[in-house]
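# Per-entry structural report
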Amino acid sequence: MKIFFRALMLRSIALMLVLGLGSTHVRADEGMWLPIQLSKIESRMKEAGFSLSAADLYQINQAAVKDAIVRLGGGFCTAEIVSDQGLVLTNHHCAYDLIQNHSTVEKDYLTNGFWAMNRAQELPNPGLTASTLVRMEDVTNRMNDSLRNVPEAQRGAVIAKVSKIIADEASAEKKGYQGDVRPIFYGNQFILSVYMVYKDVRLVGAPPSSIGKFGGDTDNWMWPRHTGDFSVLRIYTGPNGESAEYDSLRNIPLKPNRYLSVCTSGVQNGDYTMVMGYPGTTNRYLSADNLDFNLATVNMMVEDMIGSRMQAYKEDMDKDDKIRIALASTYASGMNTYKYYQGQSLGLRKDGLGDKKRAHENGLRQWISSDPARVALYGQPLETLSGLLNQYRNDYRKMIYFRQALGNQAFVRHFRIMGDLQKALEAKKPDEAKTMAAAKSTRDALKENMTEYFQATEQKAFARMLRVYLDRINAADRPPFLNDLLKKTEGENDKDRSKELAKIIYKESFLTNPELMEAFLSKPSAKKWKKDPGVQLALSINDYTNQVLMPADRKAQAEQAPVRRQLMAANMAYQSQRIFAPDANSTLRLTYGNIKSYVPRDGVDYKWFTTHSGILQKEDPSSEEFIVPNKLKEDLSKGDFVPYGRDGELVTCFISNNDITGGNSGSPVMNARAELVGIAFDGNWESMTGDLMFNDKVQRTISVDIRYVLFVMDRFAGAGHLVREMKLVP
Ligand code: ARG
């Protein structure tokens, strides 16, 4: 999972007072800027220390830095091209799932690391794509032409249709192209991104988790950090440089338009840094009431539900190596999300975000109401939205708890895979051939699911999550089928009944038991299907989700959408002098800023960098999170770091006030000349509310210093050939 500046504050205070900007917290360093906005903020970047021009970063007629920035998949992470042979760097945690997929108990790359010593050893990753941005375009005018006179109720459908037309046109321009249109500012503007999508991406190297995930969940989301959170990939193309599916014989390494040089002289306090990448989601323009709403719904749910699922997983991972490896990636991302929301909830309760937002909202409200034309244009967006959220609060809570506790259980997922088989079995005139074909495709589809499925573990997780659900959601707010089922389930209390119900489903249903499932698939019968307790429960869960919860949610979202759009439009008109950075939405962004320390709390001053000695200080062989591999310990104790470190000191990680979020993981941190100095991998504990409001005093991007990356590759892993493939500059 998942940051810039300085010039803006210098704007005249008088002007800010006149415009009511005093309370808006526009500060240097905030903003995930679109590449097409860079020319507007170029002077601010230069003031912060940038020494190139905006056109060096983004332009469409010549190679630019943007050509070296890689979107992994749909933007789950970012990566950067660092050689003329398509070599790519990203985070260890971004490749974690790939590493896990290639790992077995015998060849445990998660624990021991993996290094391809030649091209032939690089490992393919079916399904993984790597894309670079060809161009970005504001298509708002074209969209608005199509939206003229369209009633609100049809707006969504028209946007979807026109977005697809625009995207498809771009995709057709060239083989490998993919167009993608997304709204920004709650649908006030629309942006087209055109990507070149590469489909042959191989794993080249990864350090052991004791380096790549050093500090584990304890250190996650925290500074000071000593994690070597990097891994190495390579993009391949067809013989003519075209996008092509994996082919070990035919394909060749990508010849990129542009790759990043690697700076080996490091950074100093105050140095300019910028990050380009694919931040996923921020919600910087939410109203104060909306924050309360989120805290009472999503944040609570994640802590309750994901927390109890992860605890159940961990207990079994600790007991069995096979389970440990199979669930490693799911567990890591679950815990990452869990700790994110935990930190955010803490912050929401004490950072006073609501108060800051309310102060701004008072100004906005007055500004609207002071002019009848504004009232006519925007209405009362804050009040209207709060009203809608209030109406929806309980339904929303019901929905998200239900979907996690019941809808998101393994037996329901398996049920959903069986849709075709269900149809075949329930057909008026059953057709044996069709039924057997559906059984076969069910078997194939399940196979993938089953590699991460452990019956006893899922039973335990279901029992616990169901119990929390019953605790949180009143009987009156639960679907009747569930209350009825619980009445029929033996037990003294909800805890017993949850356990008992989970036991019935996970002992008796073929949805949960691979042997029973195979028996069913080899002789599928409508009678067995109907009688199965898992199928019966999954069916009710599905129906309730599709017929009650989803329609209510769609209706609520549809009511809120125009109000959110108007609120955003009002905010933008209210602060008409401000250049707005759109919320993150997995499109390419740039954030600029500086290397900077911070004060986390009274009496404590955090340095802006860490060194190898911290690794040795944190070492704890009794905790899996703080093991230091022997070889690394030897290398570090020798103190010979030249050319990666000086004077017996090796910098491991550093912080800067860049504005990043999840999806930026793996992004290049570049200096004023756009040379690579580090790889961004995390945010800090004091800024867990940063996705909701940027706080320049404490919000930091945590990056692994590129010199530590090179050191690990070269000295620890013996993969010096990879270092030599890059272009190192002093
Ligand atoms: N918090 C990081 C992010 O969301 C992921 C860190 C992964 N490391 C870990 N120890 N789980 O980008």
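Preceding this section is the structure that the text describes.
Calculation criteria
Sequence order sets the numbering: in each chain, residues are counted from 1 along the sequence as written. Where totals are concerned, whole chains, interfaces and linings use all residues; where local detail is concerned, this predicted model gives features only for residues with pLDDT of at least 70, and gives and counts side-chain atom pairs only at 80 or more. The basis for the side-chain values is all heavy atoms of the structure; hydrogens and waters are excluded. A helix here means a DSSP run of H or I that spans at least four residues, while a strand means a run of E at least two residues long, and both kinds are numbered starting from the N terminus. Expected helix span is taken as 1.5 Å per residue step, with the number of steps being one fewer than the number of residues. The rule is simple: take the accessible area with a 1.4 Å probe, protein chains only, and divide by the maximum for that residue type; under 20% is buried, over 50% is exposed, in between is partly exposed. By nonpolar core is meant a set of buried Ala, Val, Leu, Ile, Met, Phe, Trp, Tyr and Cys residues that side-chain atoms within 4.5 Å join together. When checking whether two residues touch, look at their non-hydrogen atoms; a contact exists if any pair is within 4.5 Å. At least two DSSP bridges between two strands are needed for those strands to be called paired. For the purposes of this analysis, a disulfide is any pair of cysteine sulfur atoms at a distance within 2.5 Å. Each axis is a line fitted through C-alpha atoms, taken for helices only over the stretch in contact, and angles between the N-to-C directions span 0 to 180 degrees. Any angle that is under 35 degrees is reported as roughly parallel, and any over 145 degrees as roughly antiparallel; angles of 65 to 115 degrees are reported as roughly perpendicular and all others as oblique. Any residue that is not Ala, Val, Leu, Ile, Met, Phe, Trp, Tyr, Cys, Pro, Asp, Glu, Lys or Arg is counted as polar, Gly included; the first ten are nonpolar and the last four charged.

### Quick notes on helix 18 (residues 455-472)
For an α-helix the count is 3.6 residues per turn, leaving residues at separations of three or four pointing the same way. With 18 residues, helix 18 extends 26 Å from end C-alpha to end C-alpha; this agrees with the ideal 26 Å at 1.5 Å per step. Among the residues of helix 18, those classed as buried are T457, E458, Q459, A461, F462, A463, M465, L466, V468, Y469 and L470.

### A few points about unusual backbone geometry
Cis peptide bonds are those with omega within 30 degrees of zero, and the linkage from W223 to P224 qualifies with 0°. Counting through the fold element by element, P224 comes out in the loop between helix 9 (216-219) and strand 10 (231-237). Backbone torsion omega between V642 and P643 reads 5°, so that peptide bond is classified as cis. Of note, F185 is a non-glycine position whose phi angle comes to about 50°, a positive value. Within the element layout of this structure, F185 appears in the loop between strand 7 (177-184) and strand 8 (189-198). What makes F185 buried here is its relative accessible area of 6%. Unusually for a residue other than glycine, Y186 sits at a positive phi of about 55°. Looking at the element boundaries, Y186 is found in the loop between strand 7 and strand 8. By relative accessible area, Y186 is classed as partly exposed at 28%.

### Re the nonpolar core
Counting 132 residues, the largest nonpolar core has M45, M274, Y592, L632, Y708, F711 and M713 as its most contacted members. Aside from chain neighbours lying at most four places away, what touches M45 is L38, F50, L57, Y272, L590 and Y592. Among the nonpolar cores identified, the runner-up in size contains 75 residues, and Y313, L389, F415 and Y453 belong to it.

### Side note on the pairing of strand 13 (residues 272-277)
The side chains of a regular strand alternate between the sheet's two faces. In terms of residue burial, strand 13 counts as a mostly covered element, since 6 of its 6 residues are buried. Side chains Y272, M274 and M276 of strand 13 all project onto a buried face; the interleaved residues T273, V275 and G277 project onto the opposite face, where all are buried too. In this structure, strand 13 lies alongside strand 14 (residues 589-594), joined through 6 bridges in antiparallel fashion. Counted as the bridge partner of M276 is L590 from strand 14. When strand 13 meets strand 19 (residues 668-670), the two strands line up antiparallel, connected through 2 bridges. Looking at strand 19, one finds that V275 is bridged to V669.

### A closer look at the state of the cysteines
In this structure the tally under the stated criterion is 1 disulfide. Covalently, C77 is tied to C94 through a disulfide, its sulfur atoms 2.1 Å apart. Across the S-S bond linking C77 and C94, the dihedral sits near -80°, which makes this disulfide left-handed. With C77 in strand 2 (residues 77-81) and C94 in helix 4 (residues 92-102), this residue pair connects regions lying 17 residues apart in the sequence. Taken as a pair, C77 and C94 share a single burial class, namely buried. Left without a disulfide partner, C263 is nearest to the cysteine sulfur of C653, which lies 17 Å away. Looking at C263, the relative accessible area reads 1%, which means it is buried. Not engaged in a disulfide, the cysteine C653 finds its nearest cysteine sulfur in C94; these two sulfurs lie 15 Å apart.

### Some words on the packing of helix 12 (residues 353-369) against helix 14 (residues 381-407)
In the contact formed by helix 12 and helix 14, the axes pass within 10 Å of each other and the chain directions differ by 120°. In terms of orientation, helix 12 and helix 14 fall into the oblique class. Here E361, L364, R365 and I368 of helix 12 lie close against helix 14, whose contacting residues are P381, L382 and E383. Classifying every residue of the contact of helix 12 with helix 14 gives 4 nonpolar, no polar and 3 charged.

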